[in-house]
Amino acid sequence: MGYAVWKNLPRVALVAISSLAASICLAETPGVFPDRILVGQSAAFEGPAEALGLGMREGLVAAFNEANQRGGVHGRKIELVTYDDGYEPDRAIENTYKLINEDKVFALIGAVGTPTAKATQPIAKDADIPFIGPFTGAGFLRDPQNSHVINVRGTYDQETEAWIQHLTEDLDSKKIAILYQDDSFGRAGLSGVKKALEKRNMSLVAEGTYIRNTVAVKSALLKIRKAKPDAVVMVGSYKPIAAFVKLAEKVRLNSRFVTISFVGSKALATELGSAGSGVIVTQVVPFYEDKSLPLVNDYHVALNNASPDAEAGFVSLEGYLVGRLLITALEKAGPALTRQKLIDVFQQRKVTLDVGGVLLSYGPEDNQGMDKVYLSVLQKDGSYAYVDNLKDSVHTAELP
């Protein structure tokens, strides 16, 4: 249609054509309807890692429920479809194909774990579907070529560098051993630890492993114990990590214990009970009780409204942050929503998004929003205290 014809059309006709174009656009975008947007999550909702999947889902639901009560985004409410993968790649693959081909979701969100993400992210890439806020710090998800991946949290390399920096500088640790899950997740942590140690002309004094979705850590403990480390860094989920720390206490392994944000801090505290006092956990989100931060205050209100019986924690706060990030990006993408328009919010130019006082920065070569790593220490009562360095024992548990 030429410019002259467009110019002479009555305004009502232009509106009708514009609406028709938008409808055609929406019809071609899976998961986008006039009144709703469908997103999908595959995560562990049962088994040894269930607290992680359940926490991420609680946070996402809280964020979406909050937005939906306000009328949604551009008049569309956000709906979440979830499937349990048990933290197993094969099940995650099956769920991902189902979400894309049968449920026809607009985006995938809140995947939990490195091995599952490693199996499903290529599927999302082939389908040109956004892969938002995976609960993992694996480096491959930060590859600039994976523009469809939108990360929130810092990397495992950043967490492990913080471990070694604070252990060596704050506590003068010289003999460091590692326990790690024997898969892509554990090996990502192992790689980060080795890099951090090599920078300081150090090496591990011992390595111990266990199999994913088990708590078979005894042989690893025996191997590590022989090296008499003054610190043990641990890359795993809460049940095997708790089992290791409890066994180490029984055999009087006089070491400091440091573990990763993926562990599931609240669940770890519950599993450890009194044995957890002094365990150090790195975190990649602000403290979930710091209500002076608008994001955290909003999170508590939204979580209570969506799930009155839910307990606040680091994992559900991360899920809420991921949900809020999606909502912010959807608002910026506009009413004529497509997957590419959502990706363009993050990748077309350098952008900093303010999500409740938390700033997340993205650009054409940067698909990770945050870099901050926090130090937390588990207390005798099962709570956590944030510290700036590991020498600081004021208001924290006494470290071994």
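Residue positions are counted from 1 within each chain, in the order its sequence is given. Reporting in this predicted model follows two pLDDT cut-offs: at least 70 for local features of residues, and 80 or more for side-chain atom pairs to be given and counted; totals over whole chains, interfaces and linings ignore these cut-offs and use all residues. For side-chain calculations, the full set of non-hydrogen atoms in the structure is used, while hydrogens and water are omitted.

Comments concerning the packing of helix α3 (residues 50–69) against helix α11 (residues 294–306)
Reasoning step 1: Between N-to-C directions, angles span 0 to 180 degrees; the directions come from axes that are lines fitted to C-alpha atoms, helices contributing only their stretch in contact. Secondary structure elements are taken from DSSP: a helix is a run of H or I of four residues or more, a strand is a run of E of two residues or more, and numbering for both begins at the N terminus. Axis separation between α3 and α11 bottoms out at 8 Å; the angle between their running directions is 95°. In this view, α3 runs roughly perpendicular relative to α11, as classed from their interaxial angle. Between α3, through Glu-58, Val-61, Ala-62, Asn-65 and Glu-66, and α11, the contact on the second element is made entirely by Asp-298, Ala-302, Leu-303, Asn-305 and Ala-306.
Reasoning step 2: For this classification, the nonpolar set comprises Ala, Val, Leu, Ile, Met, Phe, Trp, Tyr, Cys and Pro, the charged set comprises Asp, Glu, Lys and Arg, and every other residue, Gly included, is treated as polar. Residues of the contact of α3 with α11, tallied by class, amount to five nonpolar, two polar and three charged. In these notes the angle categories are as follows: under 35 degrees is roughly parallel, over 145 is roughly antiparallel, 65 to 115 is roughly perpendicular, and the rest is oblique. Contacts between residues were defined by any pair of non-hydrogen atoms, one from each residue, lying within 4.5 Å.

Some points on the UniProt feature "domain: Leucine-binding protein" (unreviewed entry) in the protein
Reasoning step 1: Here, UniProt's "domain: Leucine-binding protein" (unreviewed entry) annotation points to residues 39–382.
Reasoning step 2: Each end of residues 39–382 is marked by a C-alpha atom, and these two atoms are 34 Å apart; helix forms 43% of the span and strand 17%. UniProt positions are given in the numbering used here, feature names are shortened, and annotations may be inferred rather than shown by experiment.

Here we look at the confidence of the model for the protein
Reasoning step 1: A residue-level look at the protein finds 91% of positions with pLDDT of 70 or above and a mean pLDDT of 91.
Reasoning step 2: You can read pLDDT as the predictor saying how much it trusts each residue, on a scale of 0 to 100. Here residues 1–26 scores under 50 on pLDDT; set against residues more than four positions off or in separate chains, the count is 13 contacts.
Reasoning step 3: Low pLDDT, under 50, characterises residues 393–400; the predicted model gives this stretch 20 contacts beyond four residues in sequence or across chains.

So, empty space enclosed by the protein
Reasoning step 1: Cavity and pocket criteria rest on a 1 Å grid covering protein atoms alone: a 1.4 Å probe that fits but cannot get out defines a cavity, protein on both sides within 12 Å along at least 5 of 7 lines defines an open pocket, and an atom within 4 Å of a point defines a lining residue. Grid points are joined across faces, edges and corners, and a volume is the space filled by probe spheres set on the points. By the definition in use, this model includes three cavities of 30 Å³ or more.
Reasoning step 2: Volume-wise, the largest cavity comes out at about 110 Å³.
Reasoning step 3: Lining the largest cavity we find 17 residues, and of these Ser-42, Thr-96, Ala-111, Thr-120 and Phe-131 sit closest to its centre.
Reasoning step 4: Listed by contribution, the elements that provide at least two residues to the lining of the largest cavity are β1 (36–43), α4 (89–102), β3 (107–109), α5 (114–126) and β4 (131–132).
Reasoning step 5: When the residues that make up the lining of the largest cavity are grouped by side-chain class, the tally is nine nonpolar, seven polar and one charged.

Quick notes on the pattern of salt bridges
Reasoning step 1: When a carboxyl oxygen of Asp or Glu lies within 4 Å of a side-chain nitrogen of Lys or Arg, that pair is called a salt bridge. Tallied over the full model, the rule gives 17 salt bridges.
Reasoning step 2: In this structure, the salt-bridge partner of Glu-318 is Arg-153, at a minimum N-O distance of 2.8 Å. With Glu-318 in helix α12 (residues 314–333) and Arg-153 in the loop between β5 (149–150) and α6 (156–170), the pair connects residues that are 165 residues apart, well separated along the chain.
Reasoning step 3: By relative accessible area, Arg-153 is classed as buried at 1%.
Reasoning step 4: The shortest N-O distance in the salt bridge between Lys-194 and Glu-207 comes to 3.5 Å. With Lys-194 in helix α7 (residues 184–198) and Glu-207 in strand β7 (residues 206–210), the pair connects residues that are 13 residues apart, well separated along the chain.
Reasoning step 5: Three or more residues joined by partner-sharing salt bridges are found here, namely Glu-66, Arg-70, Asp-298 and Arg-324. The buried label goes to any residue with under 20% of its type's maximum accessible area, the exposed label to any with over 50%, and the partly exposed label to all in between, with areas taken from a 1.4 Å probe on protein chains only.

Observations regarding the sheet that holds strand β2 (residues 77–84)
Reasoning step 1: Ordered by their spatial adjacency, five strands build an open sheet running β2-β1-β3-β4-β5, and the pairing between neighbours is parallel. Across the chains shown, the open sheet's two edge strands, defined by having one partner strand only, are β2 and β5.
Reasoning step 2: Whether two strands pair comes down to DSSP finding at least two bridges between them. As defined by bridge partners, β1 adjoins β2 across eight bridges and the pair is classed as parallel. Note that in β2 the partner of Gly-40 across the bridge is Val-81.

Notes on the packing of aromatic side chains
Reasoning step 1: Between 30 and 60 degrees the pair is tilted, below 30 it is stacked and above 60 it is edge-to-face, where a pair is any two Phe, Tyr or Trp rings, Trp via its six-membered ring, whose centres lie within 6.5 Å. Summed over the entire model, instances satisfying the criterion amount to 14 aromatic pairs.
Reasoning step 2: An angle of 5° between the planes, with centres 6.0 Å apart, marks the rings of Phe-314 and Tyr-386 as stacked. Residue Phe-314 is located in helix α12, and its partner Tyr-386 is located in strand β14 (residues 384–387); the two are separated by 72 residues in the primary sequence.
Reasoning step 3: Take Phe-314: its relative accessible area is 4%, and that puts it in the buried class.
Reasoning step 4: By way of ring pairs, the aromatic residues Phe-287, Tyr-288, Phe-314, Tyr-374, Tyr-384 and Tyr-386 are connected into one cluster.
Reasoning step 5: Lying across the ring of Phe-33, Arg-36 places its NZ or CZ 4.0 Å from the centre. Whether a charge lies above a ring is judged from NZ of Lys or CZ of Arg, which has to be within 6 Å of the ring centre and within 35 degrees of the ring normal.

Here we look at the sheet that holds strand β10 (residues 280–283)
Reasoning step 1: Here we have seven strands laid out as an open sheet, ordered β7-β6-β8-β9-β10-β13-β14, and mixed in their pairing. Looking along the sheet, the strands with just one partner apiece sit at the ends: β7 and β14. Each strand of the sheet is rotated relative to its neighbour by a mean of 25°, with strand direction disregarded.
Reasoning step 2: Pairing between strand β9 (residues 256–259) and β10: two bridges, direction parallel. Across the sheet, residue Val-258 finds its bridge partner in β10, namely Ile-280.
Reasoning step 3: Together, β6 (176–181), β7 and β8 (231–235) form the strand contacts of helix α8 (residues 218–226), whose direction differs from that of β7 by roughly 175°.

Some points on the domain arrangement of the protein
Reasoning step 1: Examined at the domain level, the protein breaks down into domain 1 (36–153 + 289–369) and domain 2 (156–283 + 375–393).
Reasoning step 2: Placing a centre on the C-alpha atoms of domain 1 and another on those of domain 2 gives a separation of 27 Å.
Reasoning step 3: Taken residue by residue, the interface counts 26 residues in domain 1 and 22 residues in domain 2.
Reasoning step 4: Roughly 1,800 Å² of surface becomes buried between domain 1 and domain 2 when both sides are summed, with 58% attributable to carbon and sulfur atoms.
Reasoning step 5: Taken together, domain 1 and domain 2 are joined by three salt bridges. Here the limits of each domain have been adopted from an automatic or database domain assignment. Here the quantity called buried area is the total loss of accessible area, with a 1.4 Å probe, experienced by two parts when brought into contact, counted for both.

Details of the layout of surface pockets
Reasoning step 1: Volume-wise, the largest pocket comes out at about 330 Å³.
Reasoning step 2: Together, 18 residues line the largest pocket, and Ala-51, Glu-58, Lys-266, Ala-267 and Glu-311 are the ones closest to its centre.
Reasoning step 3: Listing elements by their share of the lining of the largest pocket, those giving two or more residues are α3, α10 (265–272) and α12.
Reasoning step 4: Per-element accounting of the lining of the largest pocket gives the leading share, five residues, to α10.
Reasoning step 5: Split into classes, the residues belonging to the lining of the largest pocket amount to eight nonpolar, six polar and four charged.
Reasoning step 6: The residues that make up the lining of the largest pocket include at least three from each of domain 1 (36–153 + 289–369) and domain 2 (156–283 + 375–393).

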